[in-house]
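# Tertiary structure, described
Letter by letter, the chains look like this.
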Amino acid sequence: MKQTLMLKVDAQQPDIKKIQAAADIIRKGGLVAFPTETVYGLGADALNPDAVLKLFEAKKRPLDNPPIVHVANADDVYRLAEQVPPKADKLMKTFWPGPLTLVFKRSATVPNVTVAGLSTIAVRMPLHAVALALIRESHRPIAAPSANLAGKPSPTSAKHVFDDLNGRIDAILDSGPTRIGVESTVLDLSVEPPLVLRPGGTPLEALKQVLGDVKLHPFVAAEKEVPVEKARSPGMKHKHYAPKAQVIVVEGAVPAVRAKVKELAESYRLKGVKVGVLATDETKAAYEADVVKSLGSRFNLAVVAQNLFRLLREFDAEGVDVIIAEGVPTQELGLAVMNRLRKASGYNIVKAA
Ligand code: TXA
Ligand code: MG
């Protein structure tokens, strides 16, 4: 297929010529990957059904799982949403631009394919100069799922995008690694109290401060598979974030986790399996495995989130067969991290005691 064009830009002050070149591609119905504060997105004109269809094809994404629509101006929401409840105004004022996606009743101007035939639409305004400039110069809302092949960990650098999608998309805007490292929080406002469908870059604690009452969908904190009929977000049904290696998550108090991870790593090694351990700074010295990587300090969950997807990809590059991952606390960004890890493991969770 065609060559994918690499456009390097500064994260704070991107070269407007390169942004305009990328925006031209979007306006003509092409596909451009771009950085956001969370992960890289794969953008298409949200109002062009053919372009959005190509987006699904490039990612090999099932057509029943709609992308998030990105705007550069809160007023654009009123064209995309049929109804904007007062709570949404408050959330947009507090958290936009930023890693919070809001689910609204959709308006008729949005093509069916963009919302996968649903009656709702997911919208967010990213906190990234490159993303905002691209949306503005395109003069279109941009539909953008994470720029990975379906099922793979989301890309936190342009290299990850290139590895998955080279030759399948028109261009990549590269401005280095992303700051948050996990995707946006998805919040459904069409129910009372509002419901978190996917934990992400905006912590639940911050949402509670603004909303008072907000609930987690049972999928979000799930420690085992939840029946598919209960899914409110199409993304919940699909296998996600999975590296090639089998993932096992070990959860519990730190000393018990350390002992259990050591025991599992040893027993796999004796079987001749190539083992990776996903550790933290506080515990990594305790492990002997083929590959040991640290997410960072257990006391800095923002850094843990930043490193998660990159490390999962690195384990694959090193060809480990099994990844034994330590659980981290489910506060703040830790909730998003644990949600991704548990999903990546297919809910293969070991409770250490
Ligand atoms: O941080 C992010 O959100 C990144 C960057 C690129 O913005 N985007 C991202 O998009 O993660 P994606 O498509 O990989 O994930 C979108 C999630 C999926 O779980 C999808 O099912 C859900 O949002 N979603 C989209 N439209 C929805 C809707 N109308 N109702 C409920 N969930 C929806
Ligand atoms: Mg995704």
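Throughout what follows, the structure given in this document is the object of discussion. Since the model is a prediction, treat every value here as computed from it, not as a measurement.

### Describing the packing of helix α4 (residues 86-95) against helix α7 (residues 204-211)
The packing of two helices is summarised by the inter-axis angle and the distance between the axes. Relative orientation of the contacting elements α4 and α7 amounts to 130°, with a least axis distance of 10 Å. Accordingly, the angle class assigned to the pair α4 and α7 is oblique. Note that α4 runs across α7; the crossing there is right-handed. Of the residues in α7, those in contact with Lys 87, Lys 90, Leu 91, Thr 94 and Phe 95 of α4 are Ala 206, Leu 207, Val 210 and Leu 211. Of the residues that constitute the contact of α4 with α7, the class distribution is six nonpolar, one polar and two charged.

### A word on the pattern of salt bridges
When their charged atoms lie close together, side chains carrying opposite charge are able to pair. Counted by the stated rule, this structure contains 19 salt bridges. Across the pair Glu 37 and Arg 124 runs a salt bridge, and its minimum N-O distance is 2.8 Å. With Glu 37 in the loop between β2 (32-34) and β3 (41-45) and Arg 124 in strand β7 (residues 120-124), this residue pair connects regions lying 87 residues apart in the sequence. Each member of the pair, Glu 37 as well as Arg 124, is classed as buried. Where Glu 326 meets Arg 298, a salt bridge forms, and the shortest distance between an N and an O atom there is 2.8 Å. In this pair, Glu 326 is assigned in strand β16 (residues 322-326) and Arg 298 in the loop between β15 (291-294) and α9 (301-317), connecting sequence segments 28 residues apart. In this structure, a network of salt bridges that share partners links the residues Lys 293, Arg 310, Glu 314 and Glu 318.

### Digging into the site of ligand 1
Every one of the 27 residues lining ligand 1 counts as a neighbour, but Thr 38, Asn 65, His 70, Ser 184 and Gly 235 are closest to it. Ser 146 is positioned such that a nitrogen or oxygen atom in its side chain is 3.0 Å from an oxygen atom of ligand 1. Measuring from an oxygen atom of ligand 1, one finds a side-chain N or O atom of Ser 184 at 2.5 Å. Protein contact buries 97% of the 680 Å² of open area that ligand 1 shows by itself. Counting residues per element, the ones that place at least two in the shell around ligand 1 are β7 and β11 (195-198). In terms of residues, the shell around ligand 1 owes the most to one element, β7, which gives four residues. Along the lines of polarity and charge, the residues of the shell around ligand 1 split into 13 nonpolar, nine polar and five charged.

### A word on the sheet that holds β16
Strand order in this open sheet of five strands is β15-β14-β16-β13-β17, and the pairing throughout is parallel. Every other strand in the sheet has two partners, leaving β15 and β17 (349-351) as the edge strands with one partner each. On average, each strand axis in the sheet is inclined to that of its neighbour by 20°, with strand direction left out of account. In the sheet, strand β13 (residues 246-251) pairs with β16 via five bridges, with the strands oriented parallel. When the bridges of β16 are listed, Val 249 appears paired with Ala 325. Sheet contacts for α9: β14 (275-279), β15 and β16; angle to β14, the most-contacted strand, approximately 170°. Contacts from helix α10 (residues 334-344) reach β13, β14, β16 and β17, with the element oriented near 130° to β13.

### Examining helix α1 (residues 16-27)
Over its twelve residues, α1 extends 16 Å from the first C-alpha to the last, a length consistent with the 16 Å expected when each residue adds 1.5 Å. All of the buried residues in α1 are Ile 19, Ala 22, Ala 23, Ile 25 and Ile 26. Burial along α1 is one-sided: seen end-on, the buried residues are contained in an arc of 155°. The secondary structure elements touched by the buried residues of α1 are β1 (5-8), β2, β3, α5 (129-138), β8 (142-143) and β9 (171-174). Taking the backbone nitrogen of Lys 17 as reference, a side-chain oxygen 2.9 Å away marks Asp 15 as the first, capping residue of α1. Positive backbone phi, at 90°, marks Gly 29, one or two positions downstream of α1.

### A short note on the pairing of β7
The buried fraction of β7 is high, at five of five residues. Where burial is concerned, the two faces of β7 agree: the one with Thr 120, Ala 122 and Arg 124 and the one with Ile 121 and Val 123 are both buried. Relative to β7, strand β4 (residues 69-70) is paired through two bridges, and the arrangement is parallel. If you follow His 70 over to β7, its bridge partner there is Arg 124.

### So, the packing of aromatic side chains
Tallied over the entire structure, the rule returns zero aromatic pairs. Its guanidinium or amino end placed over the ring of Tyr 268, Lys 271 lies 4.7 Å from that ring's centre, counting from NZ or CZ. Looking at Lys 293, its charged tip hangs above the ring of Phe 315, at a distance of 5.8 Å from the centre.

### Remarks on the nonpolar core
Core analysis: the largest hydrophobic core is formed by 69 residues, its most contacted members being Leu 91, Trp 96, Leu 102, Phe 104, Leu 173 and Leu 187. Of the residues forming this core, the biggest block, six residues, is contributed by α5. Setting aside its immediate chain neighbours within four residues, Trp 96 contacts Val 71, Ala 74, Val 77, Leu 91, Leu 102, Val 123, Arg 124 and Met 125. Judged by nonpolar contacts, the second largest core, of 28 residues, contains Leu 295, Ala 305, Phe 315 and Met 338.

### With respect to the side chain of Ser 107
Inspection of the secondary structure assignment puts Ser 107 in the loop between β6 (100-106) and β7. For Ser 107, a relative accessible area of 9% corresponds to the buried category. From its side chain, Ser 107 meets the backbone oxygen of Arg 79 in a polar contact 2.7 Å long.

What counts and what doesn't
Residues numbered from 1 in each chain as written. Chains lettered and ligands numbered in written order. Predicted model: local features only at pLDDT ≥ 70, side-chain atom pairs only at ≥ 80, totals over all residues. Heavy atoms only, no water. Axes fitted to C-alpha atoms, helices over the stretch in contact; angles between N-to-C directions. Helix = DSSP H or I, 4+ residues; strand = E, 2+ residues; numbered from the N terminus. Parallel < 35°, antiparallel > 145°, perpendicular 65-115°, else oblique. Left-handed = near helix turned anticlockwise from the far one by under 90°. Contact = heavy atoms within 4.5 Å. Nonpolar A, V, L, I, M, F, W, Y, C, P; charged D, E, K, R; others polar. Salt bridge = Lys/Arg side-chain N within 4 Å of Asp/Glu carboxyl O. Buried < 20%, exposed > 50% of the residue type's maximum accessible area, 1.4 Å probe, protein only. Near = heavy atom within 4 Å. Polar contact = N/O pair within 3.5 Å; in protein donor to acceptor, adjacent residues only side chain to side chain. Areas by Shrake-Rupley, 256 points an atom, 1.4 Å probe, with all protein chains shown as cover. Pairing = 2+ DSSP bridges. Expected span 1.5 Å × (residues − 1). Arc of directions from axis to C-beta. Phe/Tyr/Trp six-rings, centres within 6.5 Å; stacked < 30°, edge-to-face > 60°. Lys NZ or Arg CZ within 6 Å of the ring centre and 35° of its normal. Core = buried A, V, L, I, M, F, W, Y, C linked by side-chain atoms within 4.5 Å.

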